[in-house]
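# Working through the structure, step by step
Here's the letter readout for the chains.
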Number of protein chains: 2
Amino acid sequence: MVTARDVARLAGVSQATVSRVLHDHDSVSEDTRARVLLVLAETGYQPNVAARAMRTNRTDTIGLIVDDVTNPFYPELIKALTKELDRAELRMILWNSAGPGESAALQAIDQRLIDGLLFTTATARSAPLASAIRRGAPVVLVNRGVPGLPCDQVDSDNADGAARVAAYFAAAGHRRVGLVGGPESASTARDRMAGYRRGCAEYGLELAEDCVANGDFTHDGGQSAMHTILERTGRNHPTAVFCTNDFSAFGALDAIRTHGLAVPEQVWVSGYDDIAMAAWGAFSLSTVRQQLSDMAQIAVTLLRERIGSPDRALVHHRFRNELVARRTTAHVEPPA
Amino acid sequence: MVTARDVARLAGVSQATVSRVLHDHDSVSEDTRARVLLVLAETGYQPNVAARAMRTNRTDTIGLIVDDVTNPFYPELIKALTKELDRAELRMILWNSAGPGESAALQAIDQRLIDGLLFTTATARSAPLASAIRRGAPVVLVNRGVPGLPCDQVDSDNADGAARVAAYFAAAGHRRVGLVGGPESASTARDRMAGYRRGCAEYGLELAEDCVANGDFTHDGGQSAMHTILERTGRNHPTAVFCTNDFSAFGALDAIRTHGLAVPEQVWVSGYDDIAMAAWGAFSLSTVRQQLSDMAQIAVTLLRERIGSPDRALVHHRFRNELVARRTTAHVEPPA
């Protein structure tokens, strides 16, 4: 790696002279300046970003906090956010919120290693998030919002999307339905569960407590929750089940098959998110689509604005979600 | 965000005094030192990492280059590498090799934003990789190796793993077999294809050219390649097909189902990698397992050693892979 010292030696000048050329000071003769610029070009020397960061107080690097990357929803969100950050010529540091990730991200803010943070898995209990907001660090919540938190937020109307699944089940004549829930710590899971319950009540669907079990947004969690419901209810099983995300719906489908039941003839299944795998032939899962690329675009825009104008008014942008019907529900067109 | 200037103001001292306290200089009275330390504690001030990076020439940050994060193999590799980097108290910056990722990573090396690079998708044609090696930047290739490249490499014996799939098919009495290949640019794909062809020749299996089509390691690519093979061969289809990764095998399974053929009764299918989804009931895919956590551990260790000792001898660590038989092949135990 070429250092400023190497450049100085090759050009036959002092390091201070190299620095003056790099910073466009006048106090260097044209002859010396030309010699230094030639060596800079030949060696491909790049000024130390740390030195630049000290001058500008900007690193052009954004921290991104995600939950389990092996849940395919997050790679799709990462891909959408990466595309927007690339377009804005910003680098990304990725942290996992499991383990020491959140604290490390906060430390990076304090140490000015990054200019701002995108949280995809915010919870009201996250101490690092609360601390970042208290210190006025630029933070945007994307995907999971936290009501009342004083920071920019981009999410979608999860309660409304889930209520529309209930309306769809009711319109098709189902009476006894089920629910594979998600982790209570996630606002997305809570909103989807509440919206579905509200929709069931509104459209006259019976959601008995033996037809409800919580997964944890993973395949295995969904499989185990669905297994519990089918064990409990036997021949009196629900005829349509809403799973709070696609990944747990894939698990629920495996459990239903293990119990010898046919989808959609005996049980309808809907997921949430419309990750790419939901469209695969092996699943053909009916689900509720979140507009990830639009959400990513707004989130990156808001973060850049917040970094530039720390005192700007707060923005909460909420997208509407759309029902996508496939072969796990017998009516392949959702009701209008 | 609290700056050194704020601390100086609150403690009623100069910034130079704050700096002397932070660097443990003797030339500060006990009384002043105590006052500054109190303000530092109260404000949660953290010294600027950029300043530290200039002093130590280390950022404790590692760059990680991956291919498409929406191929679930990479999230599993990222998770394994993250665990090892967390353990070593190193931060990670993630770049996507699609788009400007590789060049941005190289620039980050030149600008001393990161201490070293982990490449998971190295190709001999990658200009940034060649450039990084030429400049002596600490680089470790993990997952995909490039023969002859002068840098540390951690991979697994992909040719041997694929040859064992051929041996398994032959032992079960198959005669006419197929191959869903991967991208020629990836050493993993080339090695698996070559190993499988060698195994077919060695064990007397017929691999006709109409039974070979290339995917691109994606679900849709595998589905389309398998569709091509079944269209071409009609009733004379291969009875066992090796797919060069699990993700394309999932696509091949969808194509086989679309053609009305039963797995494993009419066609056996094997993938490669043993990603978590391969074990799901919906797939129950026979495959070849790579030891990702062991590979990640060795890769991070080698990179740390390389950063500490740039002139250390090169290491190429190659793991052996293991066949995992599931329900897409009728013999659920692989041959000894």
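Residues numbered from 1 in each chain as written. Chains lettered and ligands numbered in written order. Predicted model: local features only at pLDDT ≥ 70, side-chain atom pairs only at ≥ 80, totals over all residues. Heavy atoms only, no water.

## As for the pairing of strand E6 (residues 177-181) of chain B
Residues and elements named next belong to chain B. E6 sits mainly inside the fold: 5 of its 5 residues count as buried. When E6 meets strand E8 (residues 240-243), the two strands line up parallel, connected through 4 bridges. Pairing of Val177 across the sheet is with Ala240, part of E8. Direction of pairing for E6 relative to strand E7 (residues 212-214): parallel, over a ladder of 3 bridges. Within E7, the position partnered with Val180 by the bridge is Ala213. In this view, the connection linking E6 to its parallel neighbour E7 by way of helix H9 (residues 187-202) has right-handed handedness. (Buried < 20%, exposed > 50% of the residue type's maximum accessible area, 1.4 Å probe, protein only. Helix = DSSP H or I, 4+ residues; strand = E, 2+ residues; numbered from the N terminus. Pairing = 2+ DSSP bridges. Right-handed = clockwise from strand over helix to strand, strands pointing away.)

## So, the sheet that holds strand E6 (residues 177-181) of chain A
Residue and element names in this part refer to chain A. What the 4 strands build is an open sheet, ordered E7-E6-E8-E9; its pairing is parallel. Since the sheet does not close on itself, it has two edges, and those belong to strand E7 (212-214) and strand E9 (268-270), each with one partner. The mean inter-strand angle of the sheet, taken between neighbouring strand axes irrespective of direction, is 15 degrees. Helix-sheet contacts for helix H8 (residues 158-171) involve E6, strand E8 (240-243) and E9, and the interaxial angle to E8 is about 170 degrees. Helix H11 (residues 246-258) contacts E6, E8 and E9 of the sheet and is inclined by roughly 160 degrees relative to E9. (Axes fitted to C-alpha atoms, helices over the stretch in contact; angles between N-to-C directions. Contact = heavy atoms within 4.5 Å.)

## Comments concerning H9 of chain B
Residues and elements named next belong to chain B. Between its first and last C-alpha atoms H9 spans 22 Å; for 16 residues at 1.5 Å apiece the expected length is 22 Å, and the two agree. Here H9 has its buried residues at Ser187, Thr188, Ala189, Arg192, Met193, Gly195, Tyr196, Gly199 and Cys200. The inward-facing, buried residues of H9 abut helix H8 (158-171), E6, E7 and E8. Gly204 sits one or two positions beyond H9 and adopts a positive phi of about 75 degrees. (Expected span 1.5 Å × (residues − 1).)

## Observations concerning the pairing of strand E3 (residues 116-119) of chain A
Residues and elements named next belong to chain A. Residues Gly116 and Leu118 line one face of E3 and the alternating positions Leu117 and Phe119 line the opposite face, and both faces are buried. The sheet contact formed by strand E1 (residues 61-66) and E3 spans 4 bridges and is parallel. Within E3, the position partnered with Ile65 by the bridge is Phe119.

## Points about the nonpolar core
Grouped together as the largest cluster of nonpolar side chains are 106 residues, with contacts concentrated most on Phe283 of chain A together with Phe283 of chain B. The residues contacting Phe283 of chain A, other than those within four sequence positions of it, are Phe250, Leu253, Met277, Ala278 and Thr328 of chain A together with Trp280, Ala282 and Phe283 of chain B. Listed in part, the 40 residues of the second largest apolar core include Leu113 and Leu117 of chain A together with Ala132 and Cys151 of chain B. (Core = buried A, V, L, I, M, F, W, Y, C linked by side-chain atoms within 4.5 Å.)

## Brief notes about helix H2 (residues 15-22) of chain A
Turning to H2 of chain A, its buried residues are Thr17, Val18 and Val21 of chain A. One face of H2 of chain A carries all of its buried residues, which in axial projection span an arc of 100 degrees. (Arc of directions from axis to C-beta.)

## Details of the sheet that holds E8 of chain B
All names here are of chain B. Strand order across the open sheet formed by 4 strands is E7-E6-E8-E9, with parallel pairing between neighbours. Only two strands of the sheet have a single neighbouring strand rather than two, namely E7 and strand E9 (268-270). Taking each pair of neighbouring strands and ignoring which way they run, the sheet shows an average axis angle of 15 degrees. Where H9 meets the sheet, its contacts fall on E6, E7 and E8, and the angle it forms with E6 comes to roughly 170 degrees.

## Focus: the side chain of Ser270 of chain B
Residues and elements named next belong to chain B. Position of Ser270 among the secondary structure elements: in strand E9. When its relative accessible area of 1% is taken as the criterion, Ser270 is described as buried. Discounting chain neighbours no more than four positions away, the residues touching Ser270 are Val165, Phe169, Val241, Phe242, Cys243, Leu285, Ser286 and Thr287.

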